[in-house]
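Descriptive analysis of the structure
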Amino acid sequence: MSVSAVCPGSFDPITNGHLDVVERASVAFDRVVVAVLDNPNKSGLFPVPERLELIRATTAHLDNVEVAAFEGLLVDFCRANDISLICKGLRAVSDFEYELQMAQMNQRIGDVETVFMSTSPDWSYLSSSLVKEVAKWGGRIDGTVPDVVAERLRQRFAGSDAG
Ligand code: PNS
């Protein structure tokens, strides 16, 4: 039986922590879809097409990984794309409470199971928000995000005192 999993998120932008989970999911599952939430009420730093481009660039070495955007409920995206599992990274116990709520709701409303992957300790402190804040003030972000993302963040904040 072939198993497809989705790695959903905002990915604004993708970090090395996200990439670690996607790479390990690509080993664990036959097909992995990285799905970017397109939320019309929340614009973010990077527009969704640019987030997709950055994810595609950084996952190009993974043959069984696809990248897509979705609106609305994740379970509807799963149904439409023949996906039976949601794969989420857990950085710390603090992530768990909300992730468990979402997993239980997705199981209830869509009959879709969630599997949690423990984030590598190398990246357990990392979040897109933190990286953006450091980049905004000209701090060193190398090694926390893929090079192409670091470059894009530097361009985005170039010439601004505080973004
Ligand atoms: O990277 P994030 O912001 O933590 O990702 C959260 C995401 C996109 C996975 C979550 O908000 C989501 O699945 N949103 C889609 C709407 C939905 O299905 N809501 C019900 C979840 S129980």
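The structure we're discussing is the one just above.
This structure is a prediction, so every number in the text was calculated from the model and none was measured.

1. Regarding the overall build of the protein chain
When you go through the protein chain residue by residue, the secondary structure sums to six helices and five strands. Relative to its length of 163 residues, the protein chain is compact, with a C-alpha radius of gyration of 16 Å against a globular reference of 15 Å. Each principal axis of the C-alpha atoms in the protein chain carries an extent, and together these give about 50 × 35 × 35 Å. Here the protein chain, with 163 residues, has 45% of them falling under the buried criterion. Within the protein chain, counting contacts between residues at least 6 apart in sequence, those at least 24 apart form 75% of the total. On the protein chain, roughly 8,900 Å² of surface is accessible, and the fraction owed to carbon and sulfur atoms is 51%.

2. Quick notes on the pattern of salt bridges
Working definition: two side chains of opposite charge can pair if their charged atoms are close together. Scanning the model with the defined rule gives twelve salt bridges in all. Note that D20 is salt-bridged to R24, the shortest N-O span being 2.8 Å. Placement of both D20 and R24 in helix 1 (residues 16–28) is noted, with a separation of four residues, approximately one turn of the helix. Accessibility expressed as a relative area gives 13% for D20, which makes it buried. A salt bridge links E53 to R152, with the shortest nitrogen-to-oxygen separation between them at 2.7 Å. Highlighted residues: E53 in helix 2 (residues 48–58) and R152 in helix 6 (residues 147–157), separated in sequence by 99 residues. What makes E53 partly exposed here is its relative accessible area of 38%. Taking the relative accessible area as the measure of exposure, R152 reaches 17% and is therefore buried. Several salt bridges converge on common partners, so that one network encompasses E50, E53, R152 and R156.

3. A look at the site of the ligand
Taken together, P8, G9, S10, L37, F70, G72, L73, L74, K88, M102, M105 and N106 make up the full set of residues near the ligand. At 2.6 Å, a side-chain N or O of S10 approaches an oxygen atom of the ligand. In the model, an oxygen atom of the ligand is placed 2.9 Å from a nitrogen or oxygen of the L74 main chain. About the coverage of the ligand: the protein hides 72% of its 550 Å² of free accessible area. The dominant element in the shell around the ligand, judged by the number of residues it contributes, is helix 4 (residues 93–110), at three residues. When grouped by side-chain class, the residues that make up the shell around the ligand number seven nonpolar, four polar and one charged.

Reading the values: rules and limits
Residues numbered from 1 in each chain as written. Predicted model: local features only at pLDDT ≥ 70, side-chain atom pairs only at ≥ 80, totals over all residues. Heavy atoms only, no water. Helix = DSSP H or I, 4+ residues; strand = E, 2+ residues; numbered from the N terminus. Rg over C-alpha atoms; globule rule 2.2 N^0.38 Å. Buried < 20%, exposed > 50% of the residue type's maximum accessible area, 1.4 Å probe, protein only. Contact = heavy atoms within 4.5 Å. Areas by Shrake-Rupley, 256 points an atom, 1.4 Å probe, with all protein chains shown as cover. Salt bridge = Lys/Arg side-chain N within 4 Å of Asp/Glu carboxyl O. Near = heavy atom within 4 Å. Polar contact = N/O pair within 3.5 Å; in protein donor to acceptor, adjacent residues only side chain to side chain. Nonpolar A, V, L, I, M, F, W, Y, C, P; charged D, E, K, R; others polar.

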